[in-house]
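# Structural characterization, general
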Amino acid sequence: MKKVLIVSWYFAPCSRMGAKRFGVMCKYFKENGYETYVIAAPSLITSEGMEAGLEIPIPPEHIFEVNMDTSNMYFTSAILVLLKKLKLCSRTIESLHFWYKNVKKEVDLVQLKNIGFDIVIGTYGPMANLYAAKYLSKKLKCKYIIDVRDFISDYKEKLPQGYRWASGLDYILEKISLHFSDGIVTVNPKMTKDMRKRYPRKKIITVYNGWDGWDVEQTECLDNDSEKYLYFAGVLYEFTLDGLVLLFNALRVVNEKEHIKMIIRCVGPQKVKVKRMVREMKMQEIVSCLPPVSEKVVEEERRKAYMNVIFTALDKDNCNMVSIPGKTYEYMHEKAPVLGVTLRNSKLAQILKYTGKGIGSAVESEIVDFILNADGKYEGNDNVLKFSRKYQASRLCRFMDYILDH
C-alpha cells in the first residue's frame, strides 16, 4: 500500500469548502491503493460559528495536528501593515505563514520517515500549505504535487476604492512554489488550461470536487403538497450580486403565476448587502434570508428544495473568477434541478447541460420559464456519475501513480 501525506490547514470535521475536498475524497484513497495521512490545524469550527459537520474519513492517529504559532509574527505582521498602507492586497502574504514555521518545528520527521511516504500533496490555500508540503517532501525525499483549488496570482475580485492586487508579488511566489512540484492538480478545466500555458513542462490534471453520498434515485424529493422554494446556501461574492438581482426580478414574475419562494443562507461579507437588497426590492414576501446553520441542516433543506441555485459573474471581466462553483457537483446527485444564473456560454452552463441537471442563463424570460416548467425534467444523465468524489478520487490516485512511475 502506497502512502500519501496531505498538508491542509482545513480538514474534517471542519465543513468549509477547503476542508471538504480532501476531507471527503480521501476516504476513497485506500481502495485505490493509498493509505492517507494528514497534517492540519486543530479541528476548526467554520468562521461563521457553525457546527463542524464532516465525518473524519481516516483513522484519528493518521492526523497530525499542528497549532498556529503567533509568538514570532512580527516580520509577517510588518509586511502586512506595509501592504495595507500601500493599499495592496496579496493572496500569498498572509498571517498563516507562521503555521508553516510551526509545522517545521512540531512535526516529528523521524516518525514520518518511519511511515515511509511515497508522495506529499500541498493544497492551496492558504499558501502556508504549499510551503510546508514542499519542505516535507524534501526532507522525506518523496514526490510532491500541488492541489490548486483557487486562483493564486490571477485573482481579480473587486477591491475597496483605491486598493489593488499585488499580482506581481503573488506571481513570483506562485512560480517559486510550483516550480519544485512534480505535478499540479486543479479543480476545473479553465484553470488547467491556464496552468498548462504558464507551466508547459508540468504534468497537470483536473480533479473536480465532485458529489458524495446518495444516488439520484435515493434522494428525497419535495412532496407535492409542500411549499416550493428555490435554495441557496453559501458565499455570495460582489461579482455575483447582479445575478441575484436578475433572479429576484424573475421570481417576481414567477409569483404572478405560481407561489414559489426562495431561501438564502448567505455567509461571508455580502450577507448584509443581500438582506438590504431584499428590503429595497420589496421581496420579503418571496425571499427569506436566514442565518448560517450546520451542514446537516443545509443538506436537509437542500434535499427538500424545489430547485437549487448557483451564481457566477455575469460580466466578462469576472466570468472566470469562479467558473464552476464547488457546490455545483454537490447538487448533481440531488433530485431537484439546478438553475445556474450565469452567462449562457459559461463553464457552469456547459456542465449543467452535459449532465442534464439544469440550465445556465442570464436571460430573465428563460429563468422564469425554467422555474415554472423544470419539475421532473432535469434529473440528470449517466454523466453525473463522472463527477462523484469516488470517481474523482480514483482519477487523482491514478495521477499519483503516474507521477511516481515517472
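These lines cover the structure that appears in this document, whether it is placed above or below.

## Notes on the pairing of strand E8 (residues 183-186)
Burial along E8 is two-sided: Gly183 and Val185 facing one way and Ile184 and Thr186 facing the other are all buried. Of the pairings in the sheet, the one linking strand E6 (residues 143-148) to E8 comprises four bridges and is parallel in character. Across the sheet, residue Asp147 finds its bridge partner in E8, namely Val185. The parallel pair E8 and strand E9 (residues 204-206), bridged by helix H7 (residues 189-198), forms a crossover whose chirality is right-handed.

## Quick word on the nonpolar core
For soluble globular proteins, the rule of thumb is that nonpolar side chains tend to be buried together. Leu5, Ile39, Trp99, Leu112 and Leu136 are the most contacted members of the largest nonpolar core, which has 45 residues in total. When near neighbours in sequence (up to four residues on either side) are disregarded, Ile39 contacts Leu5, Ile6, Val7, Ser8, Phe64, Val66, Trp99, Val103, Val107, Leu112 and Leu136. Residues Leu241, Ile286, Ile359 and Val368 belong to the second largest nonpolar core, which totals 35 residues.

## Points about the packing of helix H8 (residues 241-254) against helix H9 (residues 271-280)
It is at 11 Å that the axes of H8 and H9 come closest, and there the two elements cross at 30 degrees. Taken as axis vectors, H8 and H9 run roughly parallel relative to one another. Considering only the axes of H8 and H9, their crossing is right-handed. For the pair H8 and H9, the contacting residues are Leu241, Leu244, Val245 and Phe248 in the first and Lys273, Val274, Met277 and Val278 in the second. Its residues assigned to classes, the contact of H8 with H9 shows seven nonpolar, no polar and one charged.

## As for the packing of aromatic side chains
Scanning the model with the defined rule gives 12 aromatic pairs in all. The interplanar angle of 55 degrees and the centroid separation of 5.7 Å between the aromatic rings of Tyr100 and Tyr131 together place this pair among those described as tilted. Of this pair, Tyr100 sits in helix H3 (residues 97-106) while Tyr131 sits in helix H5 (residues 127-140), placing them 31 residues apart in sequence. You can call Tyr131 buried: its relative accessible area is 17%. Between Tyr229 and Tyr231, the aromatic rings sit 6.2 Å apart at their centres with planes inclined by 70 degrees, giving edge-to-face as the arrangement. Taken individually, Tyr229 and Tyr231 each receive the classification buried, so the pair is uniform in this respect. Through a chain of ring-to-ring contacts, three or more aromatic side chains come together here, namely Tyr208, Tyr329, Tyr354 and Phe387. Its guanidinium or amino end placed over the ring of Phe22, Arg21 lies 5.9 Å from that ring's centre, counting from NZ or CZ.

## Structural notes on the environment of Glu61
Here Glu61 is to be found in the loop between strand E2 (34-40) and strand E3 (63-65). Measuring from C-alpha to C-alpha, the distance between Glu61 and Tyr37 comes to 8.6 Å, with 24 residues separating the pair along the chain.

## Things to note about the packing of H8 against helix H13 (residues 364-373)
Look at H8 against H13: their axes get within 9 Å of each other, and the N-to-C directions meet at 55 degrees. With respect to H13, the element H8 is oriented oblique. Once H8 is placed against H13, the crossing between them reads as right-handed. Together, Leu246, Leu247, Asn249, Ala250, Leu251, Val253 and Val254 of H8 and Glu364, Ile367, Val368, Ile371 and Leu372 of H13 make up the contact between the two elements. When grouped by side-chain class, the residues that make up the contact of H8 with H13 number 10 nonpolar, one polar and one charged.

## Points about the sheet that holds E2
One open sheet holds the seven strands; their spatial order is E3-E2-E1-E5-E6-E8-E9, and the pairing between them is parallel. Both outer strands of the open sheet, E3 and E9, are each paired with one neighbouring strand and no more. The average undirected angle you get between the axes of adjacent strands in this sheet is 20 degrees. Bridge analysis of strand E1 (residues 2-7) against E2 gives six bridges, and the strand direction is parallel. Counted as the bridge partner of Val7 is Ile39 from E2. Helix H14 (residues 389-405) rests against E1, E2, strand E5 (119-124), E6, E8 and E9 of the sheet, and its axis sits at about 145 degrees to E6.

Conventions we followed
- Residues numbered from 1 in each chain as written.
- Predicted model: local features only at pLDDT ≥ 70, side-chain atom pairs only at ≥ 80, totals over all residues.
- Heavy atoms only, no water.
- Buried < 20%, exposed > 50% of the residue type's maximum accessible area, 1.4 Å probe, protein only.
- Helix = DSSP H or I, 4+ residues; strand = E, 2+ residues; numbered from the N terminus.
- Pairing = 2+ DSSP bridges.
- Right-handed = clockwise from strand over helix to strand, strands pointing away.
- Core = buried A, V, L, I, M, F, W, Y, C linked by side-chain atoms within 4.5 Å.
- Contact = heavy atoms within 4.5 Å.
- Axes fitted to C-alpha atoms, helices over the stretch in contact; angles between N-to-C directions.
- Parallel < 35°, antiparallel > 145°, perpendicular 65-115°, else oblique.
- Left-handed = near helix turned anticlockwise from the far one by under 90°.
- Nonpolar A, V, L, I, M, F, W, Y, C, P; charged D, E, K, R; others polar.
- Phe/Tyr/Trp six-rings, centres within 6.5 Å; stacked < 30°, edge-to-face > 60°.
- Lys NZ or Arg CZ within 6 Å of the ring centre and 35° of its normal.

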